[in-house]
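Residues per chain, in single letters:
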2 protein chains.
Amino acid sequence: MTKINENYLKLKGSYLFAEVARRAEVSAAQHPDRELIRLGIGDVTKPLAPAVVSALHSAVDEMGKAETFRGYGPYEGYAFLRDLICEHDYQSRHIPVEADEIFVSDGAKSDCGNIGDILGTDNVVAVCDPVYPVYVDTNVMAGRAGDMDENGQWGQLIYMPCLKENNFTPLIPPKCADIIYLCFPNNPTGAIATKKELTAWVEYAKKNDSLILYDSAYEAFITDPDIPRSIFEIPGARECAIEFRSFSKTAGFTGLRCAYTIIPKDLKRGGASLHDLWFRRQSTKYNGVPYIVQRAAAAVYSKEGGAQIQDTISYYHNNAKIIREGLQKAGLSVSGGINAPYIWLETPDGINSWEFFDLLMERAGVVTTPGAGFGPSGEGYIRLTAFGETSAAQRAVERISKAF
Amino acid sequence: MTKINENYLKLKGSYLFAEVARRAEVSAAQHPDRELIRLGIGDVTKPLAPAVVSALHSAVDEMGKAETFRGYGPYEGYAFLRDLICEHDYQSRHIPVEADEIFVSDGAKSDCGNIGDILGTDNVVAVCDPVYPVYVDTNVMAGRAGDMDENGQWGQLIYMPCLKENNFTPLIPPKCADIIYLCFPNNPTGAIATKKELTAWVEYAKKNDSLILYDSAYEAFITDPDIPRSIFEIPGARECAIEFRSFSKTAGFTGLRCAYTIIPKDLKRGGASLHDLWFRRQSTKYNGVPYIVQRAAAAVYSKEGGAQIQDTISYYHNNAKIIREGLQKAGLSVSGGINAPYIWLETPDGINSWEFFDLLMERAGVVTTPGAGFGPSGEGYIRLTAFGETSAAQRAVERISKAF
């Protein structure tokens with residue numbers, strides 16, 4: 001008889017964003033005449049940059065001609081793209097990463113989820129709380145999380161609360177963690193990590209032979225030159241960290257799907273190279289990103305492409321400013337939204353997250369994401385995103401100000 | 001200390017096609033003036049159909065405009081594509097599959113590999129021998145294969161030899177298997193399964209509550225109307241089978257990446273719906289296929305798109321015929337290549353696979369794939385593919401005829 005992976009049965013309810021979408025649908029049906037402003041799911045709204053569109057058209061034409069048609073590509077991505085990533089995102093910033101340490105993929109979510117394939121199920125995992133649900137759910141699926149307790153916490157995970165008193169950055173846990181997920185600029189809080197904080201993490205990981213899984217999907221939103229954009233800016237990180245990056249938020253690729261993961265060749269555990277294990281995983285279970293999408297990603301690094309995506313990032317930054325300042329003016333307590341596209345709003349009067357989520361939708365017609373959906377310490381918070389239209393951000397702020 | 005997944009260390013050498021590519025590179029360097037004819041890896045060579053190219057251009061334009069831009073799509077694929085797949089590939093053939101049982105993905109390889117996520121590691125797995133290496137390697141990675149013995153067989157797998165005396169189709173194993181991988185038309189042998197044979201498998205699976213993982217990535221190459229194109233043509237299969245399909249070989253999408261997997265809602269194990277578990281897996285670890293690629297796949301079902309891809313399939317069929325008949329004329333023993341793009345060649349005089357692979361490359365400048373790379377019972381065979389140029393297939397046959 002076929003046995004299922006019983007760990008899946010431990011997962012409660014539906015995936016957070018699916019539940020948000022479900023409730024929004026119900027609300028929309030109840031108020032058919034009211035515009036629902038969506039500041040919930042972190043999806044971009046601006047179209048692809050003209051340079052990207054143009055690169056796509058050219059690549060599509062190549063695929064339509066026998067002489068230039070491309071079939072299976074390299075599992076790890078085409079050299080033309082890996083070289084550009086390496087040069088622009090790392091070497092020009094004097095960050096020690098080589099092109100052959102870059103694996104191009106269809107999403108940071110896929111890589112963050114699939115990376116567990118090459119890791120033992122007996123590792124102790126530490127996650128921030130609140131946290132991007134994918135880190136937790138994929139570890140539940142793999143059997144590393146144990147069982148859920150009455151507080152909604154998984155028995156075998158180490159939770160690192162990210163609280164207001166600590167600027168929403170995690171403290172190094174007293175217990176030893178084998179794998180630590182870090183995400184800066186943070187989803188959902190919009191918090192950042194300083195060089196000093198990341199150095200402490202790298203030292204911790206090196207001392208314990210732990211592995212840092214560093215998600216920097218939002219690095220393009222960093223404006224402060226003193227904030228690290230990559231974990232590999234920290235000396236020693238090449239021996240203890242993997243970094244995940246994405247074109248999704250940098251260049252509006254959420255519907256186009258392209259990301260990349262850096263696994264330094266110096267990174268070894270149990271005598272094995274994690275770079276080699278990941279290549280084995282990808283070459284066995286994956287066939288790479290469409291050629292046309294890799295050409296689109298390459299266009300992001302062209303002079304005009306770079307300027308165009310920077311304009312869009314500035315547009316989203318301005319939205320973040322409008323939301324942050326508007327909510328502050330309305331007397332609400334907010335953080336994030338400066339070096340990040342996420343604003344982290346404290347619910348007033350200690351109302352719980354899902355209740356305030358429903359209230360915001362009911363009274364202001366604004367869809368957000370309840371902080372509790374990101375973990376127990378997210379309770380009492382709401383996440384808002386800057387990826388919408390500026391006019392929508394303005395209307396949302398006005399409506400919320402009136403309603404509360 | 002971070003523990004790796006020790007199962008990865010059990011995998012020997014490099015992935016078959018990587019080794020083939022490596023040897024071909026060495027040969028090309030040794031004979032810089034000789035054209036190397038590649039009949040090895042199963043990659044297509046014909047460009048995308050004009051209807052597909054046109055759909056891609058339109059979709060790219062949509063992505064470049066704010067009004068029509070698409071961000072994250074449904075994890076399981078857009079309804080427009082799932083409806084077309086359902087109508088054309090199933091309902092028009094009276095095969096009982098519903099649109100909401102279809103999961104669109106980036107590749108049958110990804111799905112065949114990732115499906116193991118939702119299945120327990122304690123299942124007994126049966127594979128054909130020879131076999132597409134992905135089925136075996138992904139089970140080694142998951143810990144279902146045990147250790148490799150001195151014959152290159154994994155201790156916990158059930159091997160189903162596909163031998164000449166049985167038309168290269170597997171016999172039902174005496175031992176009970178929880179999961180059975182079947183692939184028809186077969187890669188690598190080009191063998192097909194009759195309705196009677198598949199009925200026996202479905203009955204076996206139903207009796208034992210086993211699960212059939214049915215890979216029909218090559219169904220478009222079936223010309224004989226009596227040969228089933230889908231496992232769901234067999235009564236009862238909805239309660240015991242998952243089917244994998246792909247646009248890779250059907251429409252030349254190896255570089256564009258689109259496939260789909262059918263998990264019937266009737267399929268339950270341990271009280272859980274495998275459809276629901278897979279949705280949970282995909283929504284947590286995956287973000288879907290690029291919108292533009294889904295539009296491209298939809299164009300395959302248009303009247304002109306359908307005619308264009310049929311022309312290409314006929315072209316490859318003709319190559320298969322040239323190779324099959326040419327080799328037969330040269331006195332070699334071949335099978336496959338009629339309802340499949342693969343030709344299975346018996347090595348002459350009992351020469352072993354890798355040796356004959358090297359000989360074919362050395363004496364005829366033809367790159368093939370050694371049968372032994374697909375499993376112990378593939379020893380003594382060579383796989384040739386029909387995906388190249390007709391003129392190349394002709395030259396390859398001439399060169400082989402001269403050389404042997």
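Just so it is clear, the structure is predicted and the values come from calculations on it, not from any experiment.

Draft legend 1. Quick peek at the overall build of chain A. When helices and strands are tallied, chain A shows 12 helices and 15 strands. For 404 residues, the compact-globule formula gives about 22 Å, and the C-alpha radius of gyration of chain A, at 21 Å, lands near that figure. Principal-axis analysis of the C-alpha atoms places the extent of chain A at approximately 60 × 55 × 50 Å. Taking all 404 residues of chain A together, the buried fraction comes to 63%. Put simply, of all contacts in chain A between residues at least 6 apart along the chain, 73% involve residues at least 24 apart. Of the roughly 14,300 Å² of accessible surface on chain A, 50% is carried by carbon and sulfur atoms. Chain A carries 41 positive and 50 negative side-chain charges, and their two centres are separated by 1 Å.

Draft legend 2. Representation of helix H10 (residues 303-329) of chain B in the model. All names here are of chain B. Spanning 27 residues, H10 covers 39 Å between terminal C-alpha atoms, matching the ideal 39 Å at 1.5 Å per step. For H10, the complete set of buried residues consists of Gly305, Gln308, Ile309, Ile313, Tyr316, His317, Asn319, Ala320, Ile323, Arg324, Gly326 and Leu327. Residue glycine 331 follows H10 closely and has a positive phi angle near 90°.

Draft legend 3. Structural view of the packing of helix H1 (residues 16-30) of chain A against helix H11 (residues 353-364) of chain A. Residues and elements named next belong to chain A. Contact geometry of H1 with H11 gives a least axis separation of 11 Å together with a crossing angle of 35°. Handedness of the H1/H11 crossing: right-handed. Seen from H1, the contacting residues are Leu16, Glu19, Val20, Arg23, Ala24 and Ser27; seen from H11, they are Trp354, Phe357, Asp358 and Met361. Residues belonging to the contact of H1 with H11 are distributed by class as follows: 6 nonpolar, 1 polar and 3 charged.

Draft legend 4. Quick peek at the packing of helix H2 (residues 50-63) of chain A against helix H9 (residues 291-299) of chain A. Residue and element names in this part refer to chain A. Contact pair H2 / H9: the axes reach a minimum separation of 8 Å and the direction vectors enclose 150°. What the angle tells us is that H2 and H9 run roughly antiparallel. The hand of the H2/H9 crossing is right-handed. In this structure, H2 contributes Ala51, Val52, Ala55, Leu56, Ala59, Val60, Glu62 and Met63 to the contact, and H9 contributes Tyr291, Ile292, Val293, Arg295, Ala296 and Ala299. Across the contact of H2 with H9, the residue classes break down as 12 nonpolar, no polar and 2 charged.

Draft legend 5. Summary view of the domain arrangement of chain A. Residues and elements named next belong to chain A. Per the domain assignment, the segments of chain A are domain 1 (6-47 + 304-403) and domain 2 (53-302). Domain 1 and domain 2 are separated by 24 Å when their C-alpha centres are compared. Taken together, the 37 residues of domain 1 in the interface contact 45 residues of domain 2. Summed over both partners, the interface of domain 1 with domain 2 buries about 3,200 Å², with 62% contributed by carbon and sulfur atoms. Counting every contact that joins domain 1 to domain 2 gives 2 salt bridges. For lysine 164, the salt bridge goes to glutamate 346, with nearest N and O atoms at 2.7 Å. Among the elements of the structure, helix H10 (303-329), strand S11 (333-336), strand S12 (342-346) and strand S15 (381-385) are those that each provide at least two residues to the side of domain 1 that touches domain 2. It is H10 that provides the largest number of residues to the side of domain 1 that touches domain 2, a total of 7 residues. In terms of residue class, the side of domain 1 that touches domain 2 is built from 17 nonpolar, 14 polar and 6 charged.

Draft legend 6. Highlighting the sheet that holds strand S14 (residues 369-370) of chain B. Residues and elements named next belong to chain B. With antiparallel pairing, 4 strands are arranged side by side in an open sheet as S11-S12-S15-S14. Two strands bound the open sheet, and with one partner strand each, they are strand S11 (333-336) and S14. The sheet contact formed by strand S12 (residues 342-346) and strand S15 (residues 381-385) spans 5 bridges and is antiparallel. When the bridges of S15 are listed, tryptophan 344 appears paired with arginine 383.

Draft legend 7. Broad picture of the interface of chain B and chain A. Between chain B and chain A, the residue contacts involve 77 residues of the former and 77 residues of the latter. Across the chain B to chain A interface the summed buried area is about 6,700 Å²; carbon plus sulfur atoms make up 59%. A per-residue breakdown of the area chain B buries against chain A is headed by Thr2, Tyr72 and Arg280 of chain B, which together make up 11% of the total. In this assembly, chain B and chain A are joined by 4 salt bridges. Salt-bridge contacts for aspartate 137 of chain B lead to arginine 280 of chain A; the nearest nitrogen and oxygen are separated by 3.3 Å. Applying the counting criterion to the chain B and chain A interface returns 47 residue pairs in polar contact (both at pLDDT 80 or more). Elements represented by at least two residues in the side of chain B that touches chain A include exactly helix H2 (50-63), helix H4 (108-114), helix H5 (133-142), helix H8 (274-285) and helix H9 (291-299) of chain B. Per element, the largest residue contribution to the side of chain B that touches chain A is 7 residues, and it comes from H8 of chain B.

Draft legend 8. Just the side chain of glutamate 19 of chain A, in detail. Residue placement: glutamate 19 of chain A occurs in helix H1. Separated by 2.9 Å, the side chains of glutamate 19 of chain A and arginine 22 of chain A make a polar contact.

Draft legend 9. Seen up close, the relation of the copies chain B and chain A. Of the transformation placing chain B onto chain A, the axial shift is 0.0 Å and the rotation is 180°, giving an RMSD of 0.0 Å. Each copy turns onto its partner about a two-fold axis. The C-alpha atom lying nearest the rotation axis in chain B is that of histidine 57 of chain B; the distance is 3.1 Å.

Draft legend 10. Up close: the packing of aromatic side chains. A complete count under the given rule lists 43 aromatic pairs over all chains for this structure. With centroids separated by 6.3 Å and ring planes inclined at 70°, the aromatic side chains of tryptophan 344 of chain B and phenylalanine 374 of chain B adopt a geometry described as edge-to-face. Remark: phenylalanine 374 of chain B occurs in the loop between S14 and S15 and tryptophan 344 of chain B occurs in strand S12; sequence separation between them is 30 residues. The burial state of tryptophan 344 of chain B is the same as that of phenylalanine 374 of chain B; both residues are buried. In textbook terms, an aromatic cluster arises when at least three aromatic residues are bridged by ring pairs, as seen for Tyr218, Phe221, Tyr315, Tyr316, Tyr342 and Phe387 of chain A. The ring centre of tyrosine 315 of chain A lies 4.0 Å from the NZ or CZ of lysine 46 of chain A, which sits over that ring. Arginine 295 of chain A extends its terminal NZ or CZ atom over the ring of phenylalanine 80 of chain A, reaching a point 3.6 Å from the ring centre.

Draft legend 11. Up close: the sheet that holds strand S14 (residues 369-370) of chain A. Residue and element names in this part refer to chain A. Strand order across the open sheet formed by 4 strands is S11-S12-S15-S14, with antiparallel pairing between neighbours. The outermost strands of the open sheet, each flanked by one partner alone, are S11 and S14. Each of S12, S14 and S15 is contacted by H11, which is oriented at about 45° to S15, the strand it contacts most.

Draft legend 12. Focus on the pairing of S11 of chain B. All names here are of chain B. One ladder, built from 4 bridges, connects S11 with S12; its direction is antiparallel. The residue of S12 that forms the bridge with serine 333 is glutamate 346. The antiparallel pairing of S11 with S12 creates a hairpin that spans 5 residues between the two strands, and glycine 337 there sits at a positive phi of about 75°.

What counts and what doesn't
Residues numbered from 1 in each chain as written. Chains lettered and ligands numbered in written order. Predicted model: local features only at pLDDT ≥ 70, side-chain atom pairs only at ≥ 80, totals over all residues. Heavy atoms only, no water. Helix = DSSP H or I, 4+ residues; strand = E, 2+ residues; numbered from the N terminus. Rg over C-alpha atoms; globule rule 2.2 N^0.38 Å. Buried < 20%, exposed > 50% of the residue type's maximum accessible area, 1.4 Å probe, protein only. Contact = heavy atoms within 4.5 Å. Areas by Shrake-Rupley, 256 points an atom, 1.4 Å probe, with all protein chains shown as cover. Lys, Arg positive; Asp, Glu negative; His and termini not counted. Charge placed at Lys NZ, Arg CZ, Asp CG, Glu CD. Expected span 1.5 Å × (residues − 1). Axes fitted to C-alpha atoms, helices over the stretch in contact; angles between N-to-C directions. Left-handed = near helix turned anticlockwise from the far one by under 90°. Nonpolar A, V, L, I, M, F, W, Y, C, P; charged D, E, K, R; others polar. Parallel < 35°, antiparallel > 145°, perpendicular 65-115°, else oblique. Domains from an automatic or database assignment. Buried area = accessible area lost by both parts, 1.4 Å probe. Salt bridge = Lys/Arg side-chain N within 4 Å of Asp/Glu carboxyl O. Pairing = 2+ DSSP bridges. Polar contact = N/O pair within 3.5 Å; in protein donor to acceptor, adjacent residues only side chain to side chain. Least-squares fit on C-alpha atoms with pLDDT ≥ 70 in both. Phe/Tyr/Trp six-rings, centres within 6.5 Å; stacked < 30°, edge-to-face > 60°. Lys NZ or Arg CZ within 6 Å of the ring centre and 35° of its normal.

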